[in-house]
Amino acid sequence: MEKLRIDKYLWAIRLFKTRTLAAAACDASKVKLAGASVKASKHVSVGDEYEVKTEAKKWVIRVTGLLDHRVQYQEAIKYYVDLTPEEELERLKFQAAAFYTGKRNSK
């Protein structure tokens, strides 16, 4: 496999639930290569490092292999290395603890 679009790759490695959501993230400048936004049609190469903002977290990933179809999570994680900074992971812990449920405080 020589050519693979970034939207298809992000969908295949399970960062996005659908390919449409992956393409929309590219269009909204939430996917960056070396600090520059990429279009959904950008071809992925092994060794590329992308910053990807999803609803859940901000990922930093390095492509280790090309995957053009969706597979189970245990298989998908073999195709990228998660380089997400430690402070982002710490932020997620506090964000989950402070999740607003919509209920009023009891008195």
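Computed from a predicted structure; not experimentally measured. (Residues numbered from 1 in each chain as written. Predicted model: local features only at pLDDT ≥ 70, side-chain atom pairs only at ≥ 80, totals over all residues. Heavy atoms only, no water.)

Student: Looking at this structure, I do not really get the environment of K17. What am I missing?
Tutor: Summarising the element assignment, K17 is placed in the loop between α1 (6-12) and α2 (19-27). Since its relative accessible area comes to 69%, K17 is described here as exposed. (Helix = DSSP H or I, 4+ residues; strand = E, 2+ residues; numbered from the N terminus. Buried < 20%, exposed > 50% of the residue type's maximum accessible area, 1.4 Å probe, protein only.)

Student: Looking at this model, I keep getting lost on the pattern of salt bridges. Mind explaining?
Tutor: Side-chain pairs of opposite charge can arise where the charged atoms are in close proximity. Evaluated as defined, the whole model comprises five salt bridges. For R5, the salt bridge identified is with D7, shortest N-O distance 3.1 Å. In this structure, the salt-bridge partner of D7 is R19, at a minimum N-O distance of 3.4 Å. Of the two residues, D7 is situated in helix α1 and R19 in helix α2; the sequence distance between them amounts to twelve residues. Where salt bridges share partners, they join R5, D7 and R19 into one cluster. (Salt bridge = Lys/Arg side-chain N within 4 Å of Asp/Glu carboxyl O.)

Student: Explain α2 here, please?
Tutor: The periodicity of an α-helix, 3.6 residues per turn, causes residues three or four places apart in sequence to face the same way. Taken together, the buried positions of α2 are occupied by A22, A23, A25 and C26. Axial view of α2: buried residues confined to an arc of 155 degrees, hence all on one face. Of the exposed residues in α2, the ones pointing more than 90 degrees away from its buried face are T20 and D27. After α2 finishes, the residue S29 shows a positive phi value of roughly 60 degrees. (Arc of directions from axis to C-beta.)

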